[in-house]
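# Tertiary structure, described
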Amino acid sequence: MSTGLTKILTLSTLLASGLAAPAWTQDRAAPGVLLDGCAPVLTVHKNSCVVETLYTCEGRADYNTILLHDGADGDSSVEGYTDDGLLVFTGPLDGTYWFELVETQDGLDLSTLLGDGVDTFEQSLTFNLPGLDSQPAIFKGTMFTIGETVEIDGLTFEIGRSDYSFVVGETEDTEVRHINTVYFHPDYPFVLTGTVESRTADTISVQNQTPQRIVLPGQAGFGARQPLFGCGDFG
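Heads up: these notes are all about the structure in this document. Owing to the predicted nature of the structure, the values given are computational and were not obtained by experimental measurement. (Residues numbered from 1 in each chain as written. Predicted model: local features only at pLDDT ≥ 70, side-chain atom pairs only at ≥ 80, totals over all residues. Heavy atoms only, no water.)

Before going further, it helps to examine unusual backbone geometry. Most peptide bonds take the trans form, and the phi angle of most residues other than glycine is negative. Phi is positive for Ser48, which is not a glycine, with a value near 65°. With respect to the secondary-structure elements, Ser48 resides in the loop between β1 (38-46) and β2 (50-57). Here Ser48 falls in the partly exposed class, since its relative accessible area comes to 29%. Located in the positive-phi region is Cys49, a residue other than glycine, with phi close to 60°. Inspection of the secondary structure puts Cys49 in the loop between β1 and β2. Of the residues examined, Cys49 reaches a relative accessible area of 9% and is grouped as buried. (Helix = DSSP H or I, 4+ residues; strand = E, 2+ residues; numbered from the N terminus. Buried < 20%, exposed > 50% of the residue type's maximum accessible area, 1.4 Å probe, protein only.)

See the structure below:
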């Protein structure tokens, strides 16, 4: 989620949409704060020069899992979820913006998704930019399986699709829609993203972030935050 949003929801775009004044500060995105009490369980190297570190967080009341995204140019973002797949927060670690959960109207249930093959979700969030008032945002969509599996480094994932959007403020002019390939594994409470298609009213971008390598605890390279695939001179 965060990767596409970072590319599209720029400060200039949102200011042009009429977002309003004074101060907002957010230090929660600091990794030391977010990852307190969390343990890494998977390192996932993807195409398009992306690596994700997946964490489980025991004993936290607000979230249970974290996905930390890193790119070769040093850009990093984070997503926090409950163990049943509800988004709690997302944003880049540089504090450019921050989404945070307010209320869940329709929760994503991974057990329902894997059992029935489809599930919908809708959540109310706040969208925050430094120096501006928080704005309301809606995060909603559908996720479904397609009856196919893929094996990556000995782990078998069920393949699915997701179609979801973020709408910021009172107008759909700010909608960012994502149509993605996704991967599920019964032993891990995560949704891995593959191909990412992001759409606004004016732009369409597509990134191939298909997982290429999965590193487990104890294996060489576990926890490494330097991407390996599709990085050009970095790769």
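On inspection of all chains with the given rule, the structure shows 2 disulfides. What pairs with Cys38 in a disulfide is Cys57, and their sulfur atoms sit 2.0 Å apart. Between Cys38 and Cys57, the S-S dihedral sits near 105°, and the bridge is therefore right-handed. Separated by 19 residues along the polypeptide, Cys38 in strand β1 and Cys57 in strand β2 bring together distant segments of the chain. Between the sulfur of Cys49 and that of Cys231 lies a disulfide, 2.0 Å long from S to S. Disulfide Cys49 to Cys231: torsion about the S-S bond roughly 105°, handedness right-handed. In this pair, Cys49 is assigned in the loop between β1 and β2 and Cys231 in the segment after β13 (211-215), connecting sequence segments 182 residues apart. For the pair Cys49 and Cys231, a shared accessibility class is recorded, and that class is buried. (Disulfide = S-S within 2.5 Å.)

Turning our eyes to something else, we now look at the pairing of β2. With 7 of 8 residues buried, β2 lies mostly within the body of the structure. Turn length for the β1-β2 hairpin, with the two strands adjacent in sequence and antiparallel, is 3 residues, and the turn residue Ser48 shows positive phi of about 65°. By the bridge criterion, 7 bridges tie β2 to strand β3 (residues 65-71) in an arrangement that is antiparallel. When the sheet's bridge partners are listed, Thr53 is paired in β3 with Leu68. (Pairing = 2+ DSSP bridges.)

Moving on: the side chain of Thr65. Along the polypeptide, Thr65 turns up in strand β3. Among all residues touching Thr65, those that are not within four sequence positions of it are Tyr55, Thr56, Glu79, Gly80, Tyr81, Thr82, Pro189 and Phe190. (Contact = heavy atoms within 4.5 Å.)

So, on to the environment of Gln135. With respect to the element layout, Gln135 can be found in strand β8 (residues 135-152). A C-alpha to C-alpha distance of 8.5 Å links Gln135 and Leu125, two positions 10 residues apart in sequence.

Applying the stated criterion across every chain yields a total of 10 aromatic pairs. Ring plane angle 85° and centroid distance 5.0 Å describe the contact between Tyr63 and Phe89, whose orientation is recorded as edge-to-face. One end of the pair, Tyr63, is in the loop between β2 and β3; the other, Phe89, is in strand β5 (residues 87-92), with 26 residues separating them in the sequence. Here Tyr63 matches Phe89 in class, with each residue buried. Put simply, the rings of Tyr97, Phe99, Phe121, Phe127, Phe139, Tyr164 and Phe166 touch in pairs and so form one group of aromatic residues. (Phe/Tyr/Trp six-rings, centres within 6.5 Å; stacked < 30°, edge-to-face > 60°.)

Inspection of every chain in the model, using the stated rule, returns 5 salt bridges. Between Lys46 and Glu52 there is a salt bridge whose closest N-O contact spans 3.0 Å. Across this residue pair, the class does not change: Lys46 and Glu52 are buried. Two residues, Asp70 and Arg225, come together in a salt bridge whose shortest N-O distance is 2.8 Å. Of this pair, Asp70 sits in strand β3 while Arg225 sits in the segment after β13, and the two are 155 residues apart along the sequence. For Asp70, a relative accessible area of 5% puts it in the buried group. (Salt bridge = Lys/Arg side-chain N within 4 Å of Asp/Glu carboxyl O.)

Right, let's talk about the environment of Leu54 for a bit. Structurally, Leu54 is set in strand β2. Classification of Leu54 as buried rests on a relative accessible area of 0%. Put simply, Leu54 and Leu68 are 14 residues apart on the chain and 6.5 Å apart in space, counted from C-alpha to C-alpha. Look past the residues within four positions of Leu54 in its chain and what remains in contact with it is Ala39, Pro40, Val41, Leu42, Val44, Ile66, Leu67, Phe190 and Leu192.

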